[in-house]
Amino acid sequence: MAHRALMGLNKNLPNRLNKIKPLQNLLVLDFEATCVKDVILKPQEIIEFPCLVVSTEDWQVKDAFHEYVKPRINPKLSDFCTELTGIMQETLENEEHFPEVFSKFCSWIEDGNYFDEKDKSAFVTCGDWDLKVMLPSQCELDNINVPDYLKEWINLKSSFCLMTKYYPRSLADMLRHLNMKFQGKNHCGIDDVHNMTRVIQKLADKYKAEFTINTKIEEETKDSV
């Protein structure tokens, strides 16, 4: 983004340029969704919605959102899905559907003032699937508009590669590369965001990392008639 700020500025006014402030909050997010072994399930539906807020001031978790979501189209989980995520059918029975959970999440975001200022906060995901594929698909299914603040994010794999010069295949691969052990159950959403947070903390400590947004959904432009 910095190169855009430089474009068109008078070369005689260098003192007007200000360094872009680092992000204050990293919102670490990882969805779990309905799935079937060896089959591409359409549509997939979000069944776990965890998000941890990490302050870049001290790299500690300062807030959390965690809800389970009852799927509407395919309400019964496959045995494979339960085994993979650890989410039991009875866990979801009394939970709300996605529109209600997403409304809670948006209210939580608003109450935390995480996006009341530009470049104050950013989401962090392990890869692009969560916010590039899963959330837009779920919102389309439920006729919900995706807020602008969920259309750009930090792909932790890309950030990890930039800092370590090693591109990780997965979250577990990141931990192995940093000589860390996975805590909890892989593909349990809340455990995944906890371990992603540990990776972020390690990168901040070892590499003095500054995290910046590196992925966004480009708005489609219609050809003029």
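If you look the protein chain up in an unreviewed UniProt entry, it shows as Exonuclease domain-containing protein from Nasonia vitripennis.

**Student:** Residues and numbers for the pairing of strand β1 (residues 25–29), please.
**Tutor:** Of all 5 residues in β1, 5 are buried; the element is thus mostly enclosed. Neither face of β1 is left uncovered, since the one carrying N25, L27 and L29 and the one carrying L26 and V28 both have all their residues buried. Here β1 pairs with strand β3 (residues 46–55) via 5 bridges, running antiparallel. Each residue of the ladder has a partner; that of L26, found in β3, is V54. Taken together, the 4 bridges between β1 and strand β5 (residues 121–125) define a ladder with parallel strand orientation.

**Student:** Describe helix α8 (residues 189–207), with residues and values.
**Tutor:** For α8, which comprises 19 residues, the first-to-last C-alpha distance of 26 Å matches the rise-based estimate of 27 Å (1.5 Å per residue) to within 8%. Here α8 has its buried residues at G189, D192, V193, N195, M196, T197, R198, V199, I200, L203 and A204. Positive backbone phi, at 50°, marks K208, one or two positions downstream of α8.

**Student:** Tell me about the pairing of strand β6 (residues 152–155), and please be specific about residues and values.
**Tutor:** Bridge count between β5 and β6: 3 bridges; the pairing is parallel. Within β6, the position partnered with V124 by the bridge is I154. Relative to strand β7 (residues 215–216), β6 is paired through 2 bridges, and the arrangement is antiparallel. Bridging from a neighbouring strand, W153 pairs with T215 of β7.

**Student:** Tell me about the environment of Q183, and name the residues and values.
**Tutor:** Along the polypeptide, Q183 turns up in the loop between α7 (171–177) and α8. Sequence-wise, Q183 and N195 are 12 residues apart; in three dimensions their C-alpha atoms are separated by 6.6 Å. When sequence neighbours within four positions are dropped, the list of residues in contact with Q183 reads D191, H194, N195 and R198.

**Student:** So what about the packing of helix α6 (residues 156–164) against α8? Which residues, and what values?
**Tutor:** When two helices pack together, their arrangement is given by the angle between the helix axes and the distance between those axes. Across the interface, α6 lies against α8 with an axial gap of 11 Å and an inter-helix angle of 25°. Taken together, the axes of α6 and α8 are roughly parallel relative to one another. Pair α6 / α8 crosses with left-handed handedness. Seen from α6, the contacting residues are L156, F160, M163 and T164; seen from α8, they are M196, V199, I200, L203 and Y207. Tallied by class, residues from the contact of α6 with α8 come to 8 nonpolar, 1 polar and no charged.

**Student:** A description of helix α5 (residues 129–141) should follow, citing residues and the corresponding values.
**Tutor:** At L135, α5 shows its strongest bend, of approximately 30°, with the proline P136 following within four residues. Along α5, the residues that are buried comprise D130, L131, M134, L135, Q138 and C139.

**Student:** Tell me about the packing of aromatic side chains, and please be specific about residues and values.
**Tutor:** Enumeration over the complete set of coordinates arrives at 16 aromatic pairs. Ring geometry for F65 against F105: centres 5.2 Å apart, planes inclined by 70°, an arrangement best described as edge-to-face. Within this pair, whereas F65 is found in strand β4 (residues 61–68), its partner F105 is found in helix α4 (residues 98–112), the two being separated by 40 residues in sequence. The pair formed by F65 and F105 is uniform in burial state, with each residue classed as buried. Connected via pairs of aromatic rings, a cluster forms that spans F31, F49, F65, F98, F102, F105, W108, Y114, F115, F123 and Y149.

**Student:** Please provide a residue-by-residue account of the environment of I200, values included.
**Tutor:** With respect to the helices, strands and loops of the structure, I200 is situated in helix α8. For I200, a relative accessible area of 0% puts it in the buried group. Taking C-alpha positions, I200 is 8.3 Å from L156, a pair spaced 44 residues apart along the chain. Residues within four places of I200 in sequence aside, it is in contact with L26, V28, W59, V124, L156 and F211.

**Student:** Residue-level account of the pattern of salt bridges, with values.
**Tutor:** Evaluation of the coordinates by the stated rule reveals 8 salt bridges. R169 is the salt-bridge partner of D173, the closest N and O atoms lying 3.7 Å from each other. A relative accessible area of 61% places R169 in the exposed class. Through salt bridges that share partners, E67, E96 and K104 make up one connected network.

Rules behind the numbers
Residues numbered from 1 in each chain as written. Predicted model: local features only at pLDDT ≥ 70, side-chain atom pairs only at ≥ 80, totals over all residues. Heavy atoms only, no water. Buried < 20%, exposed > 50% of the residue type's maximum accessible area, 1.4 Å probe, protein only. Helix = DSSP H or I, 4+ residues; strand = E, 2+ residues; numbered from the N terminus. Pairing = 2+ DSSP bridges. Expected span 1.5 Å × (residues − 1). Contact = heavy atoms within 4.5 Å. Axes fitted to C-alpha atoms, helices over the stretch in contact; angles between N-to-C directions. Parallel < 35°, antiparallel > 145°, perpendicular 65-115°, else oblique. Left-handed = near helix turned anticlockwise from the far one by under 90°. Nonpolar A, V, L, I, M, F, W, Y, C, P; charged D, E, K, R; others polar. Bend = angle between axes of the 7 residues up to and from the residue. Phe/Tyr/Trp six-rings, centres within 6.5 Å; stacked < 30°, edge-to-face > 60°. Salt bridge = Lys/Arg side-chain N within 4 Å of Asp/Glu carboxyl O.

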